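Descriptive analysis of the structure
One letter stands for each residue in the lines below.
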2 protein chains.
Amino acid sequence: MAEASHKPIPLLKDELDIVIPTIRNLDFLEMWRPFFEPYHLIIVQDGDPSKVIKVPEGFDYELYNRNDINRILGPKASCISFKDSACRCFGYMVSKKKYIYTIDDDCFVAKDPSGHDINALEQHIKNLLSASTPHFFNTLYDPYREGADFVRGYPFSLREGVPTAVSHGLWLNIPDYDAPTQLVKPRERNTRYVDAVLTIPKGTLFPMCGMNLAFDRELIGPAMYFGLMGDGQPIGRYDDMWAGWCVKVITDHLGLGVKTGLPYIWHSKASNPFVNLKKEYKGIFWQEEIIPFFQNATLSKDSTSVQQCYIELSKQVKEKLSPIDPYFTKLADAMVTWIEAWDELNTPSEAKSSKAANGTAAK
Amino acid sequence: MAEASHKPIPLLKDELDIVIPTIRNLDFLEMWRPFFEPYHLIIVQDGDPSKVIKVPEGFDYELYNRNDINRILGPKASCISFKDSACRCFGYMVSKKKYIYTIDDDCFVAKDPSGHDINALEQHIKNLLSASTPHFFNTLYDPYREGADFVRGYPFSLREGVPTAVSHGLWLNIPDYDAPTQLVKPRERNTRYVDAVLTIPKGTLFPMCGMNLAFDRELIGPAMYFGLMGDGQPIGRYDDMWAGWCVKVITDHLGLGVKTGLPYIWHSKASNPFVNLKKEYKGIFWQEEIIPFFQNATLSKDSTSVQQCYIELSKQVKEKLSPIDPYFTKLADAMVTWIEAWDELNTPSEAKSSKAANGTAAK
């Protein structure tokens, strides 16, 4: 409590869960203590469920391992990846909060150019609570930020913006490169602090990274499915990309916004590029067809909820992507299972208090 | 010559013209001397042609006043605005270089966060000489910059990018606000240096400001028409906006890129918001219809040159925007005249050496 005078005011303390997928003790939380301690954590333990994950004292958390996931979802647990951080999306599903922040356990507090610790969560919340501007580009970046505004020539009818569904944060130190780029540039570090938040325009896809990501569950939660990756699957490291493509098509359709830029976290350790290449190589081929598919995907006017959009998208995935590989048929089915499971755990009344409460509420 | 050791190497010295519209002595060039002196200037004198504009010693320039424009273009001079900085586009037309940089005479050298003078022209040239990435968003901004690259999930087939046609720079100090925003926020200054260059995605329009702008004449020159503004026209301060909308539709159609961000210049003086409001107010209404028009504009496959695209666009302007105001019929006709004049001055052979050479080559 020594740093009381600098203690940040925890915004949305009772409306946001922090979701962390992990296979190890969560010592990294020590560095985040001043920022995360007021919040509730949902820890999704990947891999061997018999392993005990240590969480530093003082954090309020619930922890789910594979046994918990299987028990809670039953046969529908098949839609949750195993041995891949894609399992984190189970945490999105069991949360009962309006907002989610998810972070990897190799991500630490970064410093801004003046040497101050960056409160990443606070910036994400600011991003989510202010509107997005996907319909026209503002050259001075986020027009709602203090000291900024819409520039000359920005239509006044668009200045109210649209609700923000996603806030995508960035990484100093180890950039989020694919295996080929890691192999070619093993020493490249991201040292550039770009002091900007911007809306990704409507109709434009982006590579959404799950390392440092926040979103509004009520607006977009059911589309934040991280797919089938890892154990038993032909592909890995495309979990967040998959979610990002789906999310962007659906936010565009529903008139919601996606922001990227601040906040930065400090990404401490590059993952093994050889291991990554093995996980990624099919994705590197496949994305050449998947991305045009998503770029051209349109949803019908009848799809007005995220769930409806997602089910419609799953049908298009099955039809248009299955010719690439039978994996996409399985994935399309898993997308449907995910929505069924989501709705089961997130119906307005009873489900909230029954099934989900069976998680290992460790504290 | 005292600063010889810091003297920048002038990139593209013989391939770039600097176009400056002005009504006053060009003392502002003193501050730009280290950066601009190696280049050729094209000064477009607005207003009273009998006034003598003083240019500091040592600059290599040609100057055109209204009499010159009338003499060179004859009846086609009607497409060049008078008493409005839109007249600058005459300079684009008479240039014989591949690249243009245009800057306002109230713009000075800005400093980067480490206190060094920003060589705006050098940054623009770097922007123009490196590719753009309009088809997919790179979250670490310009992937070609040193220390950056494409992030995980960026399709490899898109990593070569497309040729860059336009580099749109920004402004520290006085932001480029419309009159209403100027009136509401008279004291707002832009103090934030965002260390980024990014490609404006395909299909997204932006408010292009002519204060600090560079482009590739060969790739997009004929679309850089600044419209009919000022004297005798119902509107002002939409010259660069008009050009930006047309340019973006055409670059998207032709597979070219538009970048925005660095470099910054120091914009010294806010123009009078009351005067601006008078010039702008029709545009503020009209842009609510004009922007959707441009957002939905598509060009036919047969239009493969900038000129063809521009003529096709002029027809759509006449058809779709004339119902707003008869002004747009006049503007659509002027767009055609502009292309005719451009082609007259820019035919491969004789025109180059004849008409344009009649300008007041003042030095």
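Residues numbered from 1 in each chain as written. Chains lettered and ligands numbered in written order. Predicted model: local features only at pLDDT ≥ 70, side-chain atom pairs only at ≥ 80, totals over all residues. Heavy atoms only, no water.

Moving on, we come to the overall build of chain A. Counting its regular elements, chain A contains 11 helices and 9 strands. Taking 363 residues into account, the globule formula puts the C-alpha radius of gyration at 21 Å, and chain A, at 20 Å, falls close to it. Principal-axis analysis of the C-alpha atoms gives chain A an extent of 50 × 50 × 50 Å. In chain A, buried positions account for 61% of the 363 residues. For chain A, the share of sequence-separated contacts (at least 6 apart) that also reach a separation of at least 24 residues comes to 74%. (Helix = DSSP H or I, 4+ residues; strand = E, 2+ residues; numbered from the N terminus. Rg over C-alpha atoms; globule rule 2.2 N^0.38 Å. Buried < 20%, exposed > 50% of the residue type's maximum accessible area, 1.4 Å probe, protein only. Contact = heavy atoms within 4.5 Å.)

Across the boundary between the two partners, chain A contributes 59 residues, which contact 59 residues of chain B. When the two sides are added together, the surface that chain A and chain B hide from each other amounts to roughly 5,000 Å², 57% of it contributed by carbon and sulfur. Our count for the contact surface shared by chain A and chain B stands at 8 salt bridges. With a closest N to O distance of 2.6 Å, B:K185 and A:D149 form a salt bridge. Connecting chain A to chain B are 26 residue pairs in polar contact (both at pLDDT 80 or more). Elements represented by at least two residues in the side of chain A that touches chain B include exactly β6 (164-173), α5 (179-184), α7 (239-254), β9 (257-267) and α8 (273-296) of chain A. In terms of residue class, the side of chain A that touches chain B is made up of 30 nonpolar, 13 polar and 16 charged. (Buried area = accessible area lost by both parts, 1.4 Å probe. Salt bridge = Lys/Arg side-chain N within 4 Å of Asp/Glu carboxyl O. Polar contact = N/O pair within 3.5 Å; in protein donor to acceptor, adjacent residues only side chain to side chain. Nonpolar A, V, L, I, M, F, W, Y, C, P; charged D, E, K, R; others polar.)

All names here are of chain A. Under the definition given, this model contains 40 salt bridges over all chains. When the shortest N-O distance is used, the salt bridge between K318 and D333 registers 2.6 Å. Placement of the pair is K318 in helix α9 (residues 306-321) and D333 in helix α10 (residues 327-345), with a sequence separation of 15 residues. Owing to a relative accessible area of 35%, D333 belongs among the partly exposed residues under this scheme. Beyond isolated ion pairs, a larger network of salt bridges with shared partners links E30, R33 and E37.

Superposition record for chain A on chain B: RMSD 0.0 Å, screw rotation 180°, translation along axis 0.0 Å. The two molecules are tied by a two-fold rotation axis, judged by turn and shift. Among all residues of chain A, the one whose C-alpha sits closest to the rotation axis is A:V194, at a distance of 2.8 Å. Here 100% of the contact residues of chain A are again contact residues in chain B; the copies associate through an equivalent surface. (Least-squares fit on C-alpha atoms with pLDDT ≥ 70 in both.)

What follows is about helix α4 (residues 120-129) of chain B. By the burial criterion, the buried members of α4(B) are B:A120, B:L121, B:H124, B:I125, B:N127 and B:L128. Each buried residue of α4(B) sits inside an arc of 160° when the element is viewed along its axis, so together they form one side. (Arc of directions from axis to C-beta.)

What follows is about the packing of aromatic side chains. A complete count under the given rule lists 44 aromatic pairs over all chains for this structure. Taking the centre distance of 4.8 Å and the plane angle of 80° together, the rings of A:Y92 and A:F215 count as edge-to-face. Here A:Y92, found in helix α3 (residues 89-94), pairs with A:F215, found in strand β8 (residues 212-216); they are 123 residues apart in sequence, far enough to count as distant. Each of the two residues, A:Y92 as well as A:F215, counts as buried. The interplanar angle of 50° and the centroid separation of 4.5 Å between the aromatic rings of B:F150 and B:Y154 together place this pair among those described as tilted. There is no split in this pair, since B:F150 and B:Y154 are both buried. (Phe/Tyr/Trp six-rings, centres within 6.5 Å; stacked < 30°, edge-to-face > 60°.)

This part is about the nonpolar core. Residues A:W242 and B:W242 are the most contacted members of the largest nonpolar core, which totals 242 residues. Setting aside residues up to four positions removed in sequence, A:W242 forms contacts with A:Y225, A:G227, A:I290, A:F294, A:Y310, A:V317, A:L321, A:F328, A:L331 and A:M335. (Core = buried A, V, L, I, M, F, W, Y, C linked by side-chain atoms within 4.5 Å.)

Residues and elements named next belong to chain A. One can describe the packing of α7 onto α8 by two numbers: an axis separation of 10 Å at closest approach and a directional angle of 15°. Our classification of the angle between α7 and α8 gives roughly parallel. As α7 runs across α8, the sense of the crossing is right-handed. Of α8, the residues touching α7 (which contributes W242, W245, C246 and V249) are Q287, I290, I291 and F294. The residue makeup of the contact of α7 with α8, split by class, is 7 nonpolar, 1 polar and no charged. (Axes fitted to C-alpha atoms, helices over the stretch in contact; angles between N-to-C directions. Parallel < 35°, antiparallel > 145°, perpendicular 65-115°, else oblique. Left-handed = near helix turned anticlockwise from the far one by under 90°.)

This chain's UniProt record puts "glycosylation site" (unreviewed entry) on A:R152. As for its position among the elements, A:R152 is in the loop between α4 (120-129) and β6. Overall, the relative accessible area of 5% leaves A:R152 in the buried class. Sequence-distant contacts of A:R152, defined by excluding residues within four places in its chain, comprise B:D176, B:Y177, B:D178, B:P207, B:C209, B:R237, B:D240, B:M241 and B:E280. (UniProt positions renumbered as here; feature names shortened; annotations may be inferred.)

A few words on the state of the cysteines. What the rule picks out here adds up to 0 disulfides over all chains. Note on A:C209: no disulfide assigned, nearest cysteine sulfur contributed by A:C107 at a separation of 7.6 Å. We classify A:C209 as buried; its relative accessible area is 1%. With no disulfide of its own, B:C87 lies 7.8 Å from the sulfur of B:C89, the closest cysteine sulfur. We classify B:C87 as buried; its relative accessible area is 1%. (Disulfide = S-S within 2.5 Å.)

This part covers the environment of B:R33. Following the sequence through the fold, B:R33 ends up in helix α1 (residues 29-36). Engagement of the side chain of B:R33 in a polar contact is seen with the side chain of B:E37, the distance being 2.9 Å.

Looking now at helix α10 (residues 327-345) of chain B. The terminal C-alpha atoms of α10(B) lie 26 Å apart, and with 19 residues this matches the ideal 27 Å at 1.5 Å per residue to within 8%. All of the buried residues in α10(B) are B:Y327, B:F328, B:L331, B:A332, B:A334, B:M335, B:T337, B:W338, B:I339, B:A341, B:W342 and B:L345. (Expected span 1.5 Å × (residues − 1).)

Attention now goes to the UniProt feature "site: Required for activity" (unreviewed entry) in chain A. What UniProt calls "site: Required for activity" (unreviewed entry) maps, in this numbering, to A:R152 and A:R159. Within the secondary structure, A:R159 sits in the loop between α4 and β6. When its relative accessible area of 12% is taken as the criterion, A:R159 is described as buried. Discounting chain neighbours no more than four positions away, the residues touching A:R159 are A:Y144, A:F150, A:V151, A:Y154, B:D178 and B:T181.

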